[in-house]
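Structural description and commentary
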Amino acid sequence: MSKVGVIGRFLLCGVLHMESPLLIGTGEKSHTDIVVQKDDDGVPYIPASSMYGVIRHYFFNNMYIESADREQIEYFWGSDKHKSNKDTKQSSFILQDMDAINNPKIVVRDGVTIDNKRGVAEDKKKFDYEVVEPGANFAFNGEVIIREGFSRTLFLKIITTIVRVLENRQVHIGSMTTKGFGRCRLAEYSVYEYCFNHGENKVRDVISWLKGIKREDQLVRLDFNNTFPIINKDFSMDATFNIKSSLIVKKNSGIPEESDAINISSNGKSIIPGTSIKGSLRARAVKIINTLGVDGYKLVNEFFGWKSQGEDDKEKRKSHLIVEEAYIKNAVQETQYRTRIDRFTGGGIKTGLFDSTPIWADKEDTQVTISVNIIDCKDWEAGLMMLLLKDLWLGDLAIGGEKNIGRGVLLGKSAKISFNGNDYNIKDIDENNLLIEGGKEELEKLVRSFVEKCSCEGVYV
């Protein structure tokens, strides 16, 4: 391209609202194993590199791109010199670091690695990490440079696609995104256009851009009917359950006057973390596949992702199963006092008194909704998810701690499922009957595809 003069700019402004915890670590250890990124004043912020990478990755991995548009798209996003033999192109999309515009709250959470075979915590695998609580708002400011030879129409189409993706909560940012962290939404957005090469407002637009002035006559109306189509076949499920008896995902308050263990909360609301839900689903998936005579770990790694354990082998595969944190509606907390028993004598152990404060069922009011999304979902993966839903629904798969005394059992009430352009609704009528809207046969077909996947010879691709 011989003509490279700047003839205009687009400015995208808005507020990035965090709807789930945010974790962007510094890579350094301090009072916790993972510390969130903060500025010089100790306020968390989102580095532009993190947000840019997430948006760019989503665009190229989920959008259908015409071959004729690829060169112009390279002018927008830039090109990777390691993947192209041609001259590299600098990106026209400039994103600023996102500073907090309210007072984000930082809390410390505990984590532990669970041995899937024994169902207990592994030795010396406890860790803790900082997270930014949901509700944090960050200033979103992006700028797109328009040069001679660039397609204004195509660039505006990309900007509109970015806004649609962010507005519809289709990207997660930071770490642990497949476990419910980093879900964000772009709100209060505006797109302004500055024209530098034509029109009677040419000089005024240049001055406005230099001074950071945003005028109403510069606002651009986005056409959301003209965006890049999504090519991936995603699966989504929102399933609502009652708590049968009680439930607890333990958190040690560290305060002597409080219970030894309380249920974890976020912004003052009791939750089931995505880590707990996903860990339970993964362990049960292994058992289901093993029952069919297949090595469950190999097939589950393809679905849930995996990370090598050796020091020299750093291979990993990211999960495309996203499990959101689940808020417990109308949570009822009550402390239960217990005593440790000497298994030899059958009597109580001195100084063995302890207590915990779980969430207790309150008739029909105490409910929890588990939300699951599978990106680029295959039929067999949807079928496996249906079997996992069945185990949760019937109370056969418990979540959280103290399962040995009956905690963590859920009873299914309703579920909404979307996959491959079809919507399914499942409702509990009574103890023996379900109402399935949308095609029971289609759901059974997905389960059969999972069984076929397990029985085929190429299962370990």
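Residues numbered from 1 in each chain as written. Predicted model: local features only at pLDDT ≥ 70, side-chain atom pairs only at ≥ 80, totals over all residues. Heavy atoms only, no water.

Regarding its fold elements, the protein presents eight helices and 26 strands. In terms of its C-alpha atoms, the protein occupies a principal-axis envelope of roughly 90 × 55 × 50 Å. Residues classed as buried in the protein amount to 46% of the 461 residues present. Expressed as a percentage of contacts within the protein between residues at least 6 apart in sequence, the contacts between residues at least 24 apart total 71%. Total accessible area on the protein is roughly 24900 Å²; 47% of this is exposed by carbon and sulfur atoms. For the protein, the centre of its 63 positive side-chain charges and the centre of its 66 negative side-chain charges are spaced 2 Å apart. (Helix = DSSP H or I, 4+ residues; strand = E, 2+ residues; numbered from the N terminus. Buried < 20%, exposed > 50% of the residue type's maximum accessible area, 1.4 Å probe, protein only. Contact = heavy atoms within 4.5 Å. Areas by Shrake-Rupley, 256 points an atom, 1.4 Å probe, with all protein chains shown as cover. Lys, Arg positive; Asp, Glu negative; His and termini not counted. Charge placed at Lys NZ, Arg CZ, Asp CG, Glu CD.)

So, about the pattern of salt bridges. Summed over the entire model, instances satisfying the criterion amount to 21 salt bridges. Residue E19 pairs with R185 through a salt bridge whose shortest N-O separation is 2.8 Å. Of the two residues, E19 is situated in the loop between β1 (6–18) and β2 (45–46) and R185 in strand β8 (residues 184–195); the sequence distance between them amounts to 166 residues. We classify R185 as partly exposed; its relative accessible area is 24%. (Salt bridge = Lys/Arg side-chain N within 4 Å of Asp/Glu carboxyl O.)

Our next topic: the packing of helix α1 (residues 48–62) against helix α3 (residues 152–167). Closest axis-to-axis distance for the α1/α3 pair is 11 Å, and the angle between their directions is 105 degrees. Judged on the interaxial angle alone, α3 and α1 are roughly perpendicular. Contacts between α1 and α3 involve M51, I55, Y58 and F59 on the former and, on the latter, I158, T161, I162, V165 and L166. (Axes fitted to C-alpha atoms, helices over the stretch in contact; angles between N-to-C directions. Parallel < 35°, antiparallel > 145°, perpendicular 65-115°, else oblique.)

This next bit is on the packing of aromatic side chains. The tally for this structure, following the rule as stated, stands at 18 aromatic pairs. Look at F241 and W393: their rings are 6.4 Å apart centre to centre, the planes differ by 70 degrees, and that puts the pair in the edge-to-face class. Taken as a pair, F241 in strand β9 (residues 235–243) and W393 in helix α7 (residues 379–393) lie far apart in primary sequence, 152 residues in all. Judged on exposure class, the residue F241 and its partner W393 are both buried. These aromatic residues form a ring-pair network of at least three members: Y52, F59, F60, Y75, F76, W77, F93, F150, F155 and F228. In this arrangement the basic side chain of K157 is found over the ring face of F228, its NZ or CZ atom lying 4.5 Å from the centre. The ring of F354 has R340 lying over it, and the distance from NZ or CZ to the ring centre is 4.4 Å. (Phe/Tyr/Trp six-rings, centres within 6.5 Å; stacked < 30°, edge-to-face > 60°. Lys NZ or Arg CZ within 6 Å of the ring centre and 35° of its normal.)

Another point: the side chain of R215. Mapped onto the elements of the fold, R215 is located in the loop between α4 (202–211) and β9. The buried category is assigned to R215, whose relative accessible area is 13%. Reaching out from R215, the side chain makes a polar contact with the side chain of D217 at a distance of 2.9 Å. In this structure R215 touches Y192, N201, R204, D205 and S208, once residues within four positions along its chain are discounted. (Polar contact = N/O pair within 3.5 Å; in protein donor to acceptor, adjacent residues only side chain to side chain.)

This model, assessed by the stated rule, comprises zero disulfides. The thiol of C184 is unpaired, and the distance to the nearest cysteine sulfur, on C13, comes to 17 Å. Of all cysteine sulfurs in the structure, the one in C13 sits closest to C195, which takes part in no disulfide; the separation is 16 Å. (Disulfide = S-S within 2.5 Å.)

The subject of this paragraph is the sheet that holds strand β22 (residues 359–360). Here three strands make up an open sheet; going across it, the order is β10-β22-β19 and the pairing antiparallel. At either end of the open sheet lies a strand with only one pairing partner, and these are β10 (246–247) and β19 (332–333). As judged from the two bridges shared by β19 and β22, these two strands associate in the antiparallel manner. Bridging across to β22, V332 finds its partner in W360. (Pairing = 2+ DSSP bridges.)

On to the packing of α1 against helix α2 (residues 70–77). Put simply, α1 and α2 touch, their axes get as near as 12 Å, and they point 170 degrees apart. Considered as vectors, α1 and α2 are oriented roughly antiparallel to each other. Residues Y52, I55, R56, F59 and F60 of α1 form the contact with α2, whose own contacting residues are I73, F76 and W77. Its residues assigned to classes, the contact of α1 with α2 shows seven nonpolar, no polar and one charged. (Nonpolar A, V, L, I, M, F, W, Y, C, P; charged D, E, K, R; others polar.)

In terms of strand pairing, strand β12 (residues 261–263) meets strand β21 (residues 348–357) through two bridges, oriented parallel. Residue pairing for β21: I262 is matched across the bridge by T357. Bridge count for strand β20 (residues 336–341) against β21 is five bridges, and the pairing is antiparallel. Paired with I341 across the bridge in β21 is G348. Taking the residues that link successive antiparallel strands as the turn, the β20-β21 hairpin has six residues, and the phi of G346 there is positive, at about 80 degrees.

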